[in-house]
Amino acid sequence: QVLSEIDIQLAWTDASIDETHWLIERSLAGQNDWTQIASVPTTNEPGTGAAVAYHDTAFLCSQSYDYRLRAYNEPGDYYSIYTPPASATPTCPPLNPPGSFGLTAAQRQIDLTWIDSNTTETGYAVEHSTNGGTTWQWLTTVPANSQLFSHIGLTCGTAHSYRVRALRSHDSTFSGYTPVESASTLLCPPPVAPTNPAATALSRSTIQFSWTEGDPGQTTNFHLERSTNGTNWMEFAVVPVNVTSVVDSNLNCVQTYHYRARSYRAEDNSYSLYSTPVSATTPVCPAPVSHTVGLYRSGVWQFWDSTQTGQPTIVFTFGPKEPGWAPVIGDWDGDGVDGIGLYKNGLWLLRHTPTQGQPQISFNFGPAEAGWQPIAGDWDGGGTTAVGLYKDGLWLLSNHLPAIADVPPFALGQSGWMPVAGDWNEDGRETAGIYKDGLWLLRDTNTAGLPDVSFGFSISAGWYPVSIYEGGLGGLTILAMEPAAPTQPAPTAASTLEVTAETSPTFTPEPEGTEKPAIEVTEEVIPTSTATPEPSTSTPLPEATATPLAPDEPEITEAVEG
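Residues numbered from 1 in each chain as written. Predicted model: local features only at pLDDT ≥ 70, side-chain atom pairs only at ≥ 80, totals over all residues. Heavy atoms only, no water.

Here's the deal with the overall build of the chain
Line of reasoning, step 1. In terms of regular secondary structure, the chain is built from 1 helix and 40 strands.
Line of reasoning, step 2. Counting every position in the chain, which comprises 562 residues, the buried fraction comes to 40%.
Line of reasoning, step 3. Here the chain displays about 28900 Å² of accessible surface, and carbon together with sulfur accounts for 52% of that area. (Helix = DSSP H or I, 4+ residues; strand = E, 2+ residues; numbered from the N terminus. Buried < 20%, exposed > 50% of the residue type's maximum accessible area, 1.4 Å probe, protein only. Areas by Shrake-Rupley, 256 points an atom, 1.4 Å probe, with all protein chains shown as cover.)

Structure below.
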């Protein structure tokens, strides 16, 4: 007998005298697929003729069922025959919306509560909106008889709306929704500032800045700031929360740098206060070396004081070790001390001092292709060196660092000519020139046109011009002088050295008291006093007459002058 949508009563008369249990089985109506649902003891029954009842409350109200039962004697382990099947068909009532729906908000959590107002629901569906109920998304379904759900992992200070309805899955029935309820999570306190800040100078150009997370679990990343006066600050890095130490590089020597950090939390776009500022001072700058000449190969730089003999004054590594990089020298920051640089396929790496370290200026300027020759000069007379490129007569110059295309390209030269730069007329500006086989063609402005000065020497092929010669034309002729091989062999390390960042080259110094070898001039070189300057010529460019050098000409290693 169906008593309600959740209660079917089975009733029968006890016809046995020795049963110990009643075994009750159920099947979907007409399926003959029986499952035992209960074993009911008969201990308290008065015996044959007694009325017995059992209530089945674990069924789906949308289904019809068949029931049967039999008696069982446990000590003897024997059964009676089954009763004839009996059927029952319950009826599902409509579902009611949950009652008394309400919200309670915390910083990152909102609790939903309601009253369970149904007996046949299989769950309650919770829906969520972040735009005041304009659009809804299913959030979760909680089990039947639930009256609470906690929505966690929310962002502080954000608004949320909710509604709930009952559902019965076996007949796809839903109740109406509760009224929409809205609440905002509470505002979170700001993130905690980083603690234990420290700054330590590691070298002339690097400082390590470290700190500790102030409130673990509440920070997304750290924003780091630097100042040179403790008043004006600039953000120089943003690092993830798992990073609590950075090395700040490309710094100037003998400079005090101040550092501070603050925590950032992405969920509510909030920042902490700044950490306590800390500072460190980079060590003193290297003393500049006068009368300097240098060599470069495969990332290794060597500089000599040309008035001394023996080992180089400075040896260090800077730049990639791969082939194809060309060295440049220039006063990149206008401090009166030349720095160093490298160029390859459009990429420039510059450093303010001739020391080991990372590039302090890096940029792309010029075509990203081989064949272009780098050149440096103070093109506008501003006191700082800028860069340029030359290939097959085309000049690309810039007056700025990092370089930009602010000087119109111009043509001077042809394929096979080499670029030079210098202040030819001593007006404070360095301008372009070209050289080939003893012939010099110089312009007083960085524009296309006929040479303002042209002259030549009768000299063999293979000589390289010196770039950025600041002596005016009066002393320029000495550049064509050809030295003979020195009477004492030059140190072989200059041309065969393999150096790592930790290894310095080995040289054989001259014994004390040894006189410097005299420099002789071979007969094939015509002395400068007899050279006759050639008049300015027009395109095509003139060709110089070359006189071959003697077969035992010493090998010349390409040099860099500063």
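From this point, the discussion proceeds with the structure in view.
So, the packing of aromatic side chains
Line of reasoning, step 1. A full pass over the atoms with the stated rule returns 15 aromatic pairs.
Line of reasoning, step 2. Taking 6.4 Å as the distance between ring centres and 5 degrees as the angle between the ring planes, the aromatic pair formed by Trp301 and Phe316 counts as stacked. In this pair, Trp301 sits in strand β26 (residues 300-305) while Phe316 sits in strand β27 (residues 314-317), placing the two residues 15 residues apart along the sequence. We note that Trp301, like Phe316, is buried.
Line of reasoning, step 3. Site record: aromatic cluster; members linked through ring pairs are Phe209, Trp211, Phe222, Phe236 and Tyr259.
Line of reasoning, step 4. Above the ring of Tyr79, the side-chain terminus of Arg70 is found at 4.0 Å from the ring centroid.
Line of reasoning, step 5. The residue whose ring lies beneath Arg260 is Tyr274, and the NZ or CZ to ring-centre distance is 3.6 Å. (Phe/Tyr/Trp six-rings, centres within 6.5 Å; stacked < 30°, edge-to-face > 60°. Lys NZ or Arg CZ within 6 Å of the ring centre and 35° of its normal.)

Describing the sheet that holds strand β36 (residues 418-422)
Line of reasoning, step 1. A sheet is described by the order of its strands in space; here 4 strands give the open sequence β36-β37-β38-β39, paired in antiparallel fashion. Each edge of the open sheet is held by one strand with a lone partner, namely β36 and β39 (453-456). Pairwise comparison of adjacent strand axes, ignoring direction, gives a mean angle of 20 degrees for this sheet. (Pairing = 2+ DSSP bridges. Axes fitted to C-alpha atoms, helices over the stretch in contact; angles between N-to-C directions.)

Comments concerning the sheet that holds strand β13 (residues 148-152)
Line of reasoning, step 1. As summarised here, the arrangement of the 3 strands in space is β9-β10-β13, forming an open sheet in which the pairing is antiparallel. The outermost strands of the open sheet, each flanked by one partner alone, are β9 (99-105) and β13. When strand polarity is set aside, the average angle formed by the axes of neighbouring strands in this sheet is 15 degrees.
Line of reasoning, step 2. Across 5 bridges, the pairing between strand β10 (residues 109-115) and β13 is antiparallel. Each bridged residue has a counterpart across the sheet, and for Gln109 the counterpart in β13 is Ile152.

Looking at unusual backbone geometry
Line of reasoning, step 1. The omega angle of the peptide bond from Leu401 to Pro402 is -10 degrees, so this bond is cis rather than trans.
Line of reasoning, step 2. One can find Pro402 in the loop between β34 (394-397) and β35 (410-411).
Line of reasoning, step 3. The residue Val254 is not glycine, and still its phi comes out positive at about 50 degrees.
Line of reasoning, step 4. Position of Val254 among the secondary structure elements: in the loop between β21 (245-248) and β22 (256-265).

Overview of the pattern of salt bridges
Line of reasoning, step 1. Under the criterion given, the structure shown has 11 salt bridges.
Line of reasoning, step 2. The closest approach of N and O atoms between Arg108 and Glu267, which form a salt bridge, is 3.1 Å. With a gap of 159 residues between them, Arg108 in the loop between β9 and β10 and Glu267 in the loop between β22 and β23 (270-271) connect regions that are remote in the sequence.
Line of reasoning, step 3. Relative accessible area serves as the criterion here: at 25%, Arg108 is assigned to the partly exposed category.
Line of reasoning, step 4. For the salt bridge of Glu225 with Arg260, the shortest nitrogen-to-oxygen distance reads 2.9 Å. Of the two residues, Glu225 sits in strand β19 (residues 221-227) while Arg260 sits in strand β22, which places them 35 residues apart along the sequence. (Salt bridge = Lys/Arg side-chain N within 4 Å of Asp/Glu carboxyl O.)

Observations regarding the environment of Arg260
Line of reasoning, step 1. A residue is classified by how much of its surface remains accessible, and Arg260, at 16% relative accessible area, is buried.
Line of reasoning, step 2. Counting along the chain gives 18 residues from Arg260 to Val278, while the straight-line C-alpha distance between them is 6.7 Å.
Line of reasoning, step 3. When sequence neighbours within four positions are dropped, the list of residues in contact with Arg260 reads Phe209, His223, Leu224, Glu225, Trp233, Tyr274, Ser275 and Pro277. (Contact = heavy atoms within 4.5 Å.)

Remarks on the confidence of the model for the chain
Line of reasoning, step 1. Residues with a pLDDT of 70 or more make up 78% of the chain, whose mean pLDDT is 79.
Line of reasoning, step 2. In the model, residues 467-562 has pLDDT below 50 throughout and makes 150 contacts with residues more than four positions away in sequence or in other chains. (pLDDT = per-residue confidence, 0-100.)

A word on the state of the cysteines
Two cysteines, two sulfur atoms, one covalent bond between them: this is a disulfide.
Line of reasoning, step 1. Within this structure, the stated rule accounts for 2 disulfides.
Line of reasoning, step 2. Note that Cys61 is cross-linked by a disulfide to Cys92, the S-S spacing being 1.8 Å. Taking the sign of the torsion about the S-S bond as the criterion, the disulfide between Cys61 and Cys92, at about 110 degrees, is right-handed. Residue Cys61 is located in the loop between β5 (51-56) and β6 (65-73), and its partner Cys92 is located in the loop between β8 (86-88) and β9; the two are separated by 31 residues in the primary sequence.
Line of reasoning, step 3. Here Cys156 engages in a disulfide with Cys188; their sulfurs sit 1.3 Å apart. In this pair, Cys156 is assigned in the loop between β13 and β14 (159-168) and Cys188 in the loop between β16 (181-184) and β17 (195-201), connecting sequence segments 32 residues apart. Exposure class is identical for Cys156 and Cys188. Each is buried. (Disulfide = S-S within 2.5 Å.)

Here's the deal with the environment of Asp338
Line of reasoning, step 1. You can see Asp338 is positioned in the loop between β28 (326-330) and β29 (339-344).
Line of reasoning, step 2. Its relative accessible area of 29% is what places Asp338 among the partly exposed residues.
Line of reasoning, step 3. Taking the C-alpha atoms as reference points, Asp338 and Pro354, separated by 16 residues in sequence, lie 7.4 Å from one another.
Line of reasoning, step 4. Of the polar contacts made by the side chain of Asp338, one reaches the backbone nitrogen of Asp331; its length is 3.2 Å. (Polar contact = N/O pair within 3.5 Å; in protein donor to acceptor, adjacent residues only side chain to side chain.)

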